[in-house]
Structure formats: structure tokens, C-alpha cells
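Here's the letter readout for the chains.
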Amino acid sequence: MLEKMKYKRLSYAQYMELVLYDEQYGYYMKRKEKIGRPGDFITTSNVANVIGHVFANLFIRLMETYSVPPHICEIGGGTGRFAYAVLEQWQRQSPETFSNGRYTIVEASPYHREKQVEMLAPFADHIHIVSNLAELPSSFSGIVFSNELFDAFPVHVVEKRNGQIYECFVAVEGDKLVEQYAPLENEEIAQYLAERNIDLVDGQRFEVPLAMKTFIFQLNDAIERAIIFTVDYGYTDEEWKHPLRRQGSLRGYYRHQLINDPLRYPGDMDITTHVQWDALRFYGEQVGWTFTHLWRQDEFLLKAGIFNQLIDHDDPNPFSEKSRYNRAIRSLVMSDIGSAFQVMVQQKKMNISILT
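My aim in this report is to walk through the structure given alongside it, one point at a time. (Residues numbered from 1 in each chain as written. Predicted model: local features only at pLDDT ≥ 70, side-chain atom pairs only at ≥ 80, totals over all residues. Heavy atoms only, no water.)

1. Observations concerning the sheet that holds strand β12 (residues 251-254)
Each strand in a sheet pairs with its neighbour through backbone hydrogen bonds, running either in the same direction (parallel) or in the opposite one (antiparallel). Taken in spatial order, the three strands of this open sheet run β13-β12-β14, and their pairing is antiparallel. Of all the strands in the sheet, the pair left with one neighbour each is β13 (257-259) and β14 (270-272). Across the sheet, the mean angle separating the axes of adjacent strands is 30° when strand polarity is ignored. Here β12 pairs with β13 via three bridges, running antiparallel. For G252, the partnering residue across the bridge sits in β13 and is I259. (Pairing = 2+ DSSP bridges. Helix = DSSP H or I, 4+ residues; strand = E, 2+ residues; numbered from the N terminus. Axes fitted to C-alpha atoms, helices over the stretch in contact; angles between N-to-C directions.)

Structure (C-alpha cells):
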């Protein structure tokens, strides 16, 4: 990895693209477990099948009550566990819409595409797995869902010093990676800061999600009519201004440990940033999407009826499947994981009441 970077100075976005998505070195492209106990991090969709069942019930209501086309597109499907839970519930609860339904996964990682094919084999007739948005069926209409997608997108990093904005770069010195700084010259970054009215204070670092901005425009071109669900962790513009967040949010996860230095373990560590929710709303509205709401995840799940998923049973074994399922439900609304995540809903050419 260091050899590939030698004699180069990379922006943080280029560095993240290399260490996360490079076909040879990229963390997400490697044939290794990344999610769950044997990996480096846990996603909320990896908590039993609860999340998938709750969203499936919501998706079914949208299809049956509002005639939303029975087509679901999940972007970044991981191991396929969320998709399996949705399809399982969909088939059981609404066989009529399921019979005409289609579940498409957009997944860049060849390894995860293989895992999805294996996991979703029972639903093979309803599954379509592609590597990018360009492969989506033309004029897709239906439901778009992502969970912890944008937090893994490459970002540029800037810092204000003595009244001037600098871009932070990554370079190799000897046998280690180091940061370097140069006055901001990237016009796209400058445009982002200007159109988003981002005003930094001295000493503040800030991540600029140009890749997310580009992706919103690409997704808009790929869909005709859709309800767009985004589950992730992030901050609003007001929350970004808090003094505790002046060092930004770029960090890594390695063997379930939070790593504050994103330059450690290149290619072997997940790197994430908090999503800028107001930017997602801003660029969505630029392409014509209607902002519906931003909920804290535990609030969203309660409104969506998560407690209806509790299973009545008399099994005294706390490690039984039913006991673990009920425990997962409670953890999603009563623990830190429920309040740390948010759910944003946007709509393109639709105007539907999502949670009533």
C-alpha cells in the first residue's frame, strides 16, 4: 500500500478511495468478514432480523395503501442480511405484491455480491444484484433504501488556520503516512463551502463530502419516482458547529475498536465520517426531491411499530432464538445504538405520508 502511494500527495478523498475501494488493496474489496463479531464493526441491520422486518412492514403498507411500485433498491447491501429479512417478511405478509416484486441490490464489492447471492438463494427469482447505479433497470420507480452508506464515502478534509482555509493531504515520509497542508485550491471544495454557507473558525477541521454530492445527482438520474430512506449517523449544520466537533468526525474502526487516526492500518481498517444531513437535504432539493422528515432512529422505529414485532413465548431460556429477538428489539430503542442513528426520508415525484 505504501509503495503505491510513494512520491504522491493524495487528498483525503483520494486516500480513502484507495484504502477502501482499490481492487487490490481496498478494505471493502477484500475477501474477509467486515461486519459482525468476526469483522471490524456492527451495523444496526445486523441486529437479528428486526430492522428488516420493521422496514418490510412499512414498505408493504406503502405498496398496498399508496400503490407504490413493488420494487425495492438497496444500495450497499453488505452481507444481504437486511434484504433477507425484508424478503422473508414481504413474502409472508403480502404474497400478492411479493409475486410481482423485485429487490435490486447495488453493491460495489465483489466479495459482498457473492455473499448476497449465497444468503438470498431462497429468493433468487426476485433478486437482481448489480455493481453500480448505471446497471439499474431504466426509469426505476419504487423504494430506495440504504443503511450506513454515505458514512463510508470518500471526503476531502479542510482546516482553518490563521484565517485561511487549508486542504489536508496524505503523503508518505519514510515508512509512515503523514498529513501535509496546503492553501485551498480545489474549486469544487470552495464552491461547496460557499453554497452550503459553511463558515469555519480557526482550528476547525471539516469534511467535505463531494462524493456524496455527486452520488445524489447520479441516483436522481437513475430513478423516476421513489421514496428514499437513508439510515446513518450524522449531524445537522447546527450540530457541526458545536466546539466538541471542531476536529471533524473522520475515524476508523479496527476489530471493533474506535481508531482516531485514519492513517493507521491502511487497507485493513474501515474509515467513516458522520453524514451531513443538511447537505443531503440541500442537494436532494436541488434535484427536485421533497424532504419528508429526519427522525432519530429509535423514534422512527417506535412510530413504525417495532414493539409489534415482540414475540409472545414462555421459553425461560434467555439464549433462545425468541428471547434474543425480543432483546434485540428492546436494544434498538432503549440503548445508545437507537439514539446514535437517524433516518431521513425524501421523495421524488411522490407525496406520501410515511408514518401515520
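2. What to know about the packing of helix α8 (residues 210-222) against helix α10 (residues 277-286)
Packing of α8 against α10 brings their axes to within 10 Å, and their N-to-C directions diverge by 35°. Handedness of the crossing formed by α8 with α10: right-handed. Contacts between α8 and α10 involve M212, K213, I216 and F217 from the first element and A279, L280, Y283, G284 and Q286 from the second. Per-class residue counts for the contact of α8 with α10 are six nonpolar, two polar and one charged. (Left-handed = near helix turned anticlockwise from the far one by under 90°. Contact = heavy atoms within 4.5 Å. Nonpolar A, V, L, I, M, F, W, Y, C, P; charged D, E, K, R; others polar.)

3. A few points about unusual backbone geometry
Even without a glycine there, the phi angle at N197 is positive, about 55°. Its place among the elements puts N197 in the loop between α7 (187-195) and β9 (205-208). Non-glycine residue Y265 carries a positive phi angle of around 50°.

4. What about helix α2 (residues 12-21)?
α2 sits mainly inside the fold: seven of its ten residues count as buried. Among the residues of α2, those classed as buried are Y12, A13, Y15, M16, L18, V19 and L20. (Buried < 20%, exposed > 50% of the residue type's maximum accessible area, 1.4 Å probe, protein only.)

5. Let's talk about the environment of E285
The residue E285 is located in helix α10 in this model. E285 sits 62 residues away from Q347 along the chain, and the two C-alpha atoms are 9.7 Å apart.

6. Observations concerning the side chain of D232
Mapped onto the fold, D232 is located in strand β10 (residues 223-232). Comment: no salt bridge for buried D232; closest opposite-charge side chain is R251, at 8.3 Å. Of the polar contacts made by the side chain of D232, one reaches the backbone nitrogen of L149; its length is 3.2 Å. Once you skip the residues sitting within four places of it in the chain, D232 turns out to touch E148, L149, F150, D151, V275, W277, F341 and Q342. (Lys, Arg positive; Asp, Glu negative; His and termini not counted. Salt bridge = Lys/Arg side-chain N within 4 Å of Asp/Glu carboxyl O. Polar contact = N/O pair within 3.5 Å; in protein donor to acceptor, adjacent residues only side chain to side chain.)

7. Quick notes on the sheet that holds strand β4 (residues 127-130)
Across the sheet, seven strands lie side by side as β4-β3-β2-β5-β10-β17-β16; this open sheet has mixed pairing. Across the chains shown, the open sheet's two edge strands, defined by having one partner strand only, are β4 and β16 (290-296). Each strand axis lies, on average, 15° off the axis of its neighbour in the sheet, ignoring direction. As paired elements, strand β2 (residues 71-75) and strand β5 (residues 140-147) share four bridges and run parallel to each other. Within the sheet, the bridge partner assigned to E74 lies in β5 and is F145. Sheet strands touched by α8: β2, β5, β10 and β17 (342-348). Its angle to β10, the strand with the most contacts, is close to 140°.

8. What about the side chain of H126?
Looking at the secondary structure, you find H126 in the loop between α6 (110-119) and β4. Looking at H126, the relative accessible area reads 15%, which means it is buried. With sequence-adjacent residues up to four places away left out, H126 is seen in contact with F98, S99, G101, R102 and Y103.

9. Quick notes on empty space enclosed by the protein
By the definition in use, this model includes two cavities of 30 Å³ or more. Taken together, 15 residues line the largest cavity, and the ones lying closest to its centre are S146, F150, L219, I228 and T230. Mapped by element, the contributors of at least two residues to the lining of the largest cavity are β5, α8 and β10. Its residues placed into classes, the lining of the largest cavity shows twelve nonpolar, three polar and no charged. Quantified by volume, the second largest cavity comes out at close to 60 Å³. What lines the second largest cavity is F150, F153, V155, E207, P209, M212, T273, H274, V275 and Q276. Residues of the lining of the second largest cavity, tallied by class, amount to six nonpolar, three polar and one charged. (1 Å grid on protein atoms, 1.4 Å probe; cavity = no way out; pocket = protein on both sides within 12 Å on 5 of 7 lines; lining within 4 Å. Points joined across faces, edges and corners; volume = space filled by probe spheres on them.)

10. Things to note about the packing of aromatic side chains
This model, assessed by the stated rule, comprises 24 aromatic pairs. Ring centres of Y21 and Y28 lie 5.3 Å apart, and the angle between their planes is 40°; this geometry places the pair in the tilted category. Exposure remark for Y21: the relative accessible area of 22% places this residue in the partly exposed category. Note on Y28: relative accessible area 12%, which makes it buried. Both rings, one in F82 and one in F145, keep their centres 4.2 Å apart while their planes meet at 5°; by these two values the pair is stacked. Taken together, the positions of F82 in helix α4 (residues 81-93) and F145 in strand β5 put the pair 63 residues apart, joining distant regions of the chain. Owing to a relative accessible area of 0%, F145 belongs among the buried residues under this scheme. (Phe/Tyr/Trp six-rings, centres within 6.5 Å; stacked < 30°, edge-to-face > 60°.)

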